Amino acid sequence: MPLWSHLEDGVIYNNGTHDFQPSVIFISLDGVVNHDLDLSLTPHLSHIADTGTRAHWMTPSFPPITFPNHWSLVTGLYPESHGIVGNYFYDAELDDDFNYKDPSHSWDEKWWGGEPIWITAVRQGKKAGVIMWPGCSTTFDDMQPTFMVPFSDAMTFDEKTDIALDWLDLPIESRPQFIGLYVPQIDQAGHKYGPYANQTLTQLQHADTSIGRLMQGLQDRNLTHVVNLMVVSDHGMSATDASRLVYIDDILTSEELDLIWKIEMYPTLGIRPKVIPGGDSEAEVVDRLYKAFLRLWDHYGGKEKAPFQVFKREDFPLRYHFNNNTRIAPLLVLPDPGWNLVRKIDFDPDHGTRCIIQKALTSRAIFVANGPAWDNNDGAVLKPFWNVELYQVISRVLGLKPASNNGTLDGHLPLE
Ligand SMILES: [Zn+2]
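Just so it is clear, the model here is predicted, and its values are computed rather than measured.

**A few points about the sheet that holds strand S16 (residues 308-312)**
- The strand order S14-S15-S17-S16 describes an open sheet built from 4 strands, whose pairing is antiparallel. Bordering the open sheet on either side are strand S14 (260-263) and S16, each of which pairs with just one other strand. Taking each pair of neighbouring strands and ignoring which way they run, the sheet shows an average axis angle of 25 degrees.
- Pairing geometry for S14 and strand S15 (residues 269-273), over 3 bridges, is antiparallel. Bridged to Ile260 within S15 is Pro273.
- Across the sheet, helix H10 (residues 282-299) touches S14, S15, S16 and strand S17 (331-335), and the angle it forms with S16 is around 165 degrees.

**Comments concerning unusual backbone geometry**
- In this structure, the amide linkage connecting Phe62 to the following residue, Pro63, adopts the cis form with an omega of 0 degrees.
- Along the polypeptide, Pro63 turns up in the loop between strand S5 (58-59) and helix H2 (66-75).
- Pro267 follows Tyr266 through a cis peptide bond whose omega is 5 degrees.
- You can see Pro267 is positioned in the loop between S14 and S15.
- Notably, Asp95 is not glycine yet its phi reads approximately 45 degrees, a positive angle.
- Structurally, Asp95 can be placed in the loop between strand S6 (88-91) and strand S7 (96-99).
- We note that Asp141 has phi near 45 degrees; this positive angle belongs to a residue other than glycine.

**Remarks on the sheet that holds strand S8 (residues 128-131)**
- The strand order across the open sheet built from 8 strands is S9-S8-S10-S3-S11-S20-S4-S21, with neighbouring strands paired in mixed fashion. Both outer strands of the open sheet, strand S9 (147-149) and strand S21 (380-382), are each paired with one neighbouring strand and no more. Neighbour-to-neighbour, the strand axes of the sheet open up by a mean angle of 15 degrees, direction not taken into account.
- Two elements, strand S3 (residues 23-29) and strand S11 (residues 227-232), share 6 bridges in a ladder whose sense is parallel.

**So, the domain arrangement of the protein chain**
- Its domain assignment divides the protein chain into domain 1 (13-237 + 361-398) and domain 2 (240-358).
- Elements represented by at least two residues in the side of domain 1 that touches domain 2 include exactly helix H3 (79-82), S6 and helix H7 (185-193).
- Sorting elements by how many residues they give to the side of domain 1 that touches domain 2 places S6 first, with 4 residues.
- Of the residues belonging to the side of domain 1 that touches domain 2, the class tally is 12 nonpolar, 6 polar and 3 charged.

What counts, and at which threshold
- Residues numbered from 1 in each chain as written.
- Predicted model: local features only at pLDDT ≥ 70, side-chain atom pairs only at ≥ 80, totals over all residues.
- Pairing = 2+ DSSP bridges.
- Helix = DSSP H or I, 4+ residues; strand = E, 2+ residues; numbered from the N terminus.
- Axes fitted to C-alpha atoms, helices over the stretch in contact; angles between N-to-C directions.
- Contact = placed C-beta atoms within 7 Å.
- Domains from an automatic or database assignment.
- Nonpolar A, V, L, I, M, F, W, Y, C, P; charged D, E, K, R; others polar.

Encoded structure:
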């Protein structure tokens, strides 16, 4: 059922003194798991949900890690379609490596497929402002967001919300209708201390306080019925421990380990074979490695008990939408939730129960929203949906014609 059929092209709001076009503030809290909303630590997020809506949960795209999912959130494409298939990966056609930690190189347009919502806006004559969203520094067809703040670890969430409010204070002809804002601190603390450590939950509370401050800023400007606030995460996070480790080198021989050129993902392993000129073909080396990992799988109990599965890329389960791109490594080892595959060199069992962070397949992301597009929801809960749906949702709210994407709901998120 359409949730905002009352929004039509050309609708203009007024806050009492100024006209406003439909507007969205789209905030990503990296690494916040859906369950975090039920810990009573986030009163402001709860207030958004109670006055608007929340999803039962939002399903991240595969792989459930930061760069692929931030790009899916703003393009409506699965990673196999937009090409950011990992935080780092190799492209054989380009003979080049993408690495998210190397911005000067990774912002090259050649890596980024699809059209992010801010370019859709700019292409259609509207304004967009983006603060640190992964990919926001990239130029598309000579276009960039109207306003852009590149990534910097030093900027606080409050400083980002101040920038967003400054943009809303601009005259209508300069004011961005889409504002995207990325918040890394909770994920960073989760990696350092564990997802439910005090330090991580403190960061979650800080973020909620900043959201409360932003909401106060909207209220001070009489904009709560004008601006749509949408808060999401890219993936959740869970802790695992040394009792759920599979040691690859227990079973793979050193000759077999030598066939591995690199492993590109974690906890799902994306394995690239070492292909020597004049030697075996890539397919042959992949096949040898595949058989080696099947031996490991048998050793751990096979179909009944093994806590992982082994796939050649072309056989990876279709529901993950993770086959159709040569940037995906040709051999994929998929652990069960909570499990990790390691080499002894990577993880010394004598170090005991060190906490290991896992972005599990079961990880559920958050979605909470309020504002005029969600006015009639009154705290209703949406059915779970894939994060690729949001590109069409935002396009619809802003009155934009979406570029080609993988969304299936035409911008309508059904109620539970
Ligand atoms: Zn992330």
